[in-house]
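Structural overview for review
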Amino acid sequence: MKKLVSIVLIALLVLTVFAGCSQKQMTVQKGKLLMATNAEFPPYEYHEGDAIVGIDAEVAALIAEKIGLELEIADVDFDSIIPGVQSGKYDMGMAGMTVTDERLQSINFTDSYATAVQVVIVKADSDIKSIDDLEGKKIGVQQGTTGHIYAEDDYGSDAVTLYQNGALAVESLKSGKVDCVIIDNEPAKSYVKENEGLAILDTEYANENYAICVSKENDALLKAVNDALKELIADGSVQKIVDKYIPAE
Ligand code: GLN
């Protein structure tokens, strides 16, 4: 009887250890690290010929290398990144994505690797000289972004026109369909540099933190990605990539 009890106990112990291991197993799609992004967000992600380049693309490539996986990038609408990561269609989302309490209800985030603030792009000759002039104006935003949320909260949804990405919103500003675009500061700077006749207004919107999102079901992947990211921040690799894309003024 004693022997039987110890066999059962050992079996239970072995089972518990196995269960623990399998829970910790890191799962990824197709043996690759499949990252979802929206590649109309320079300098974080944008197209250069056939390639998707930018800060996020380069940091993600180093993360993938560190965890021994090949990086694959899916270019999708910004507002389909979180649902896709949640459902397991993509392994992670990296898209200059701001950590918000609302998003934390549906996905997890790594540590932050960059900060941002929302600004307003106008035409250089616009009568909008400061954010006090935005009342009654047509505002363009990227659907599902923090800029979208701020614009609707502050000026109401009737004032806001939604675009699938920043490039389309800026095109619309240039052609006069909207009077301004609310978007993150670094993409704003890139768009203003690339398009003549645009200017940036500062706002008082709070600082935002960018991080990588991973499914709540995939703690092991979150840890692996976060550990790699921490190392890349600590050894200066992330800063080096940022400096390459955002030269000091
Ligand atoms: N930082 C903003 C957000 O997370 C915009 C990101 C983006 O458009 N790629 O909502």
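Located above this text is the structure these notes cover.
Now for a description of the structure that goes with this document. The model shown is predicted, which means the values in this text are computed figures rather than measured ones.

What counts and what doesn't
Residues numbered from 1 in each chain as written. Predicted model: local features only at pLDDT ≥ 70, side-chain atom pairs only at ≥ 80, totals over all residues. Heavy atoms only, no water. Helix = DSSP H or I, 4+ residues; strand = E, 2+ residues; numbered from the N terminus. Buried < 20%, exposed > 50% of the residue type's maximum accessible area, 1.4 Å probe, protein only. Contact = heavy atoms within 4.5 Å. Phe/Tyr/Trp six-rings, centres within 6.5 Å; stacked < 30°, edge-to-face > 60°. Salt bridge = Lys/Arg side-chain N within 4 Å of Asp/Glu carboxyl O. Near = heavy atom within 4 Å. Polar contact = N/O pair within 3.5 Å; in protein donor to acceptor, adjacent residues only side chain to side chain. Areas by Shrake-Rupley, 256 points an atom, 1.4 Å probe, with all protein chains shown as cover. Nonpolar A, V, L, I, M, F, W, Y, C, P; charged D, E, K, R; others polar.

Locating Ile233 in the fold gives a position in helix H8 (residues 219-234). Judged by its relative accessible area of 38%, Ile233 falls in the partly exposed class. For Ile233 and Tyr113, which are 120 residues apart along the polypeptide, the C-alpha to C-alpha distance reads 7.4 Å. Not counting chain neighbours up to four residues away, the residues in contact with Ile233 comprise Ser112, Tyr113 and Val238.

This next bit is on the packing of aromatic side chains. Considering all chains together, one arrives at five aromatic pairs under this definition. Look at Phe41 and Tyr44: their rings are 6.3 Å apart centre to centre, the planes differ by 40°, and that puts the pair in the tilted class. We note that Phe41, like Tyr44, is buried. On the basis of an interplanar angle of 85° and a centroid distance of 6.3 Å, the ring pair of Tyr46 and Tyr245 is categorised as edge-to-face. Of the two residues, Tyr46 sits in strand E3 (residues 45-48) while Tyr245 sits in helix H9 (residues 237-245), which places them 199 residues apart along the sequence. Judged by relative accessible area, which is 16%, Tyr245 ranks as buried. The rings of Phe41, Tyr44, Tyr113 and Tyr210 are connected pair by pair, giving a single aromatic cluster.

Counted according to the given criterion, the structure contains seven salt bridges. Lys137 serves as the salt-bridge partner of Asp127, at 3.2 Å between the closest nitrogen and oxygen. Of this pair, Asp127 sits in the loop between strand E8 (118-123) and strand E9 (139-142) while Lys137 sits in the loop between E8 and E9, placing them 10 residues apart in sequence. On the basis of relative accessibility, which here comes to 54%, the residue Asp127 falls in the exposed class. Note that Glu171 is salt-bridged to Lys174, the shortest N-O span being 3.5 Å. With a gap of three residues between them, Glu171 and Lys174 both fall in helix H6 (residues 166-174), about one helical turn apart. You can call Lys174 partly exposed: its relative accessible area is 34%.

Contacts to the ligand come from 13 residues, most closely from Ala95, Thr98, Arg103, Thr146 and Asp184. In this structure, a nitrogen atom belonging to the ligand sits 2.7 Å away from a side-chain N or O atom of Thr98. A distance of 2.8 Å separates an oxygen atom of the ligand from a polar side-chain atom of Arg103. Contact with the protein chains hides 100% of the accessible area of the ligand, taken as 290 Å² for the molecule alone. Residues that form the shell around the ligand fall into these classes: five nonpolar, five polar and three charged.

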